[in-house]
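Structure at a glance
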Amino acid sequence: MDIFNLRDNLVNDYREYIQSFIQIQDKRIREYVEKNLEEGFLWPDPLIQMNPSFEPGERIDELVQKGILHHECSRIFRIKQRPEDSGKSLRLHRHQSDALKAAKTGGNYILTTGTGSGKSLAYIVPIVDHVLRIGSGKGIQAIIIYPMNALCNSQFGELQKFLSYGYPSGTEPVRFARYTGQERSEERDAILKNPPDILLTNYVMAELILTRPYEKKIIQAARNLKFLVLDELHIYRGRQGADVALLVRRIRDACGSPALQCIGTSATLVTPGSHKKQDGEIARAATKVFGDTFYPEMVIGEKLKKATLGTDLLSPSFVRKLKERISDTKKHPSVEYEGFVADPLSIWIEDTFGVTVDKESGQIVRACPKSL
């Protein structure tokens, strides 16, 4: 697939759609509108950005050995490809390890990291650990609310890999279920009859569960609810944000759990100012949505690291090496990692499109996406 052709085709289709219902009689206005449409007024330029490298955290096995996680987590949280696969050891990113430690305090927390950073493990691991410690079948311990079914379905698949792969059917240590409106009546009836430990749903279905009498069994099963998670928290703004904020309060009132822990995740909760100010604003916004206090120190951001060798891109020696590298059209990137990260072109690409150093904090942060 050529991503640039895909983008151009989408833009052209959208342009034709827009122009299909624009019938402007005045010649000057029509020419002005057509000129702006041709220049791309309604769609942004394509941007390029790299997924950066994250600072490594502890392995799941290490956290088990330290007593932070239940011993069964060593078997559950592994890299598994097939149902019969026992998997490989899993190392967490630094922000995931930080989230696990925040969860242990019992306080509310938010994870604000980029796409593909494994945000879901930041709440799935603590939830599973809790269920393992108290035992499965003690009622719904976690309700995870997604903004759309696609995200819910994706997470359901990931949970299957962790909690079902490597276990004979019927011996899974933690039970989970999806309740979104797309399930067959038999599946919904099975959930009502025997509620799971972890319930995945969307905010529309969560609202219906609170209002439909025959689904009261779900609320009754969640009387001792320990975790309430809102995934993609940044989506809930304006009127929709107000609706979801009221929904969260109704869930908390209905469940009546005194030790409820609220968790939010987002890839794009970004505000201007220093990191400290950003954390304060994010905590304030989460407090409004959940109706419970979030502290700035419980806002967990991503910790990045450079993959290539650090250097000054403007130094004469590096500029010379980069020019020589680009001029040599026959040279291909090294297949060896050490050679690849030492390549002047790799260094320039990472420092231009991947990461940069925040002048105020000195931390490595994502570079702003750049237009082509």
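Predicted model, so just to flag it, every value in this text is computed and none were measured. (Residues numbered from 1 in each chain as written. Predicted model: local features only at pLDDT ≥ 70, side-chain atom pairs only at ≥ 80, totals over all residues. Heavy atoms only, no water.)

At a minimum axis distance of 7 Å, the contact between helix H11 (residues 238–255) and helix H12 (residues 275–290) shows a crossing angle of 60°. Between H11 and H12, the crossing angle belongs to the class labelled oblique. Of the residues in H12, those touching H11 at Ala245, Val248, Arg249 and Arg252 are Thr287, Lys288, Val289 and Phe290. A class-by-class count of the residues in the contact of H11 with H12 yields 4 nonpolar, 1 polar and 3 charged. (Axes fitted to C-alpha atoms, helices over the stretch in contact; angles between N-to-C directions. Helix = DSSP H or I, 4+ residues; strand = E, 2+ residues; numbered from the N terminus. Parallel < 35°, antiparallel > 145°, perpendicular 65-115°, else oblique. Contact = heavy atoms within 4.5 Å. Nonpolar A, V, L, I, M, F, W, Y, C, P; charged D, E, K, R; others polar.)

Moving on to the environment of Pro296. Considering the arrangement of structural elements, one finds Pro296 in the loop between H12 and strand S13 (299–301). Every residue in contact with Pro296, bar those within four places of it in the chain, is listed here: Asp279, Gly280 and Ala283.

Before going further, it helps to spend a moment on the pairing of strand S12 (residues 261–266). Every regular strand shows the same layout, with side chains that alternate between the two sheet faces. Burial analysis of S12 places 6 of its 6 residues in the buried class, the great majority of the element. Side chains Gln261, Ile263 and Thr265 project from S12 onto one buried face, and the interleaved Cys262, Gly264 and Ser266 project onto a second face that is buried too. In this structure, strand S7 (residues 109–112) lies alongside S12, joined through 4 bridges in parallel fashion. Looking across to S12, one finds that Thr112 is bridged to Ser266. With 4 bridges joining them, strand S11 (residues 227–230) and S12 adopt parallel strand pairing. The residue of S12 that forms the bridge with Val229 is Ile263. Crossover S11 to S12 through H11 is right-handed. (Buried < 20%, exposed > 50% of the residue type's maximum accessible area, 1.4 Å probe, protein only. Pairing = 2+ DSSP bridges. Right-handed = clockwise from strand over helix to strand, strands pointing away.)

This next bit is on the packing of aromatic side chains. What the rule picks out here adds up to 8 aromatic pairs. Ring centres 6.0 Å apart and planes at 75° place the aromatic pair Tyr14 and Trp43 in the edge-to-face group. Of the two residues, Tyr14 sits in helix H1 (residues 3–20) while Trp43 sits in the loop between helix H2 (27–38) and strand S1 (47–48), which places them 29 residues apart along the sequence. When its relative accessible area of 38% is taken as the criterion, Tyr14 is described as partly exposed. In this structure Trp43 comes out as buried when scored by relative accessible area, which is 11%. (Phe/Tyr/Trp six-rings, centres within 6.5 Å; stacked < 30°, edge-to-face > 60°.)

With that settled, consider helix H6 (residues 121–134). Taking 1.5 Å per residue as the helical rise, H6 with its 14 residues ought to reach 20 Å, and the 20 Å between its terminal C-alpha atoms agrees with that figure. Counting buried positions along H6 yields 12 of 14 residues, so the element is predominantly enclosed. Within two residues after H6, Gly135 carries a phi angle of roughly 100°, on the positive side. (Expected span 1.5 Å × (residues − 1).)

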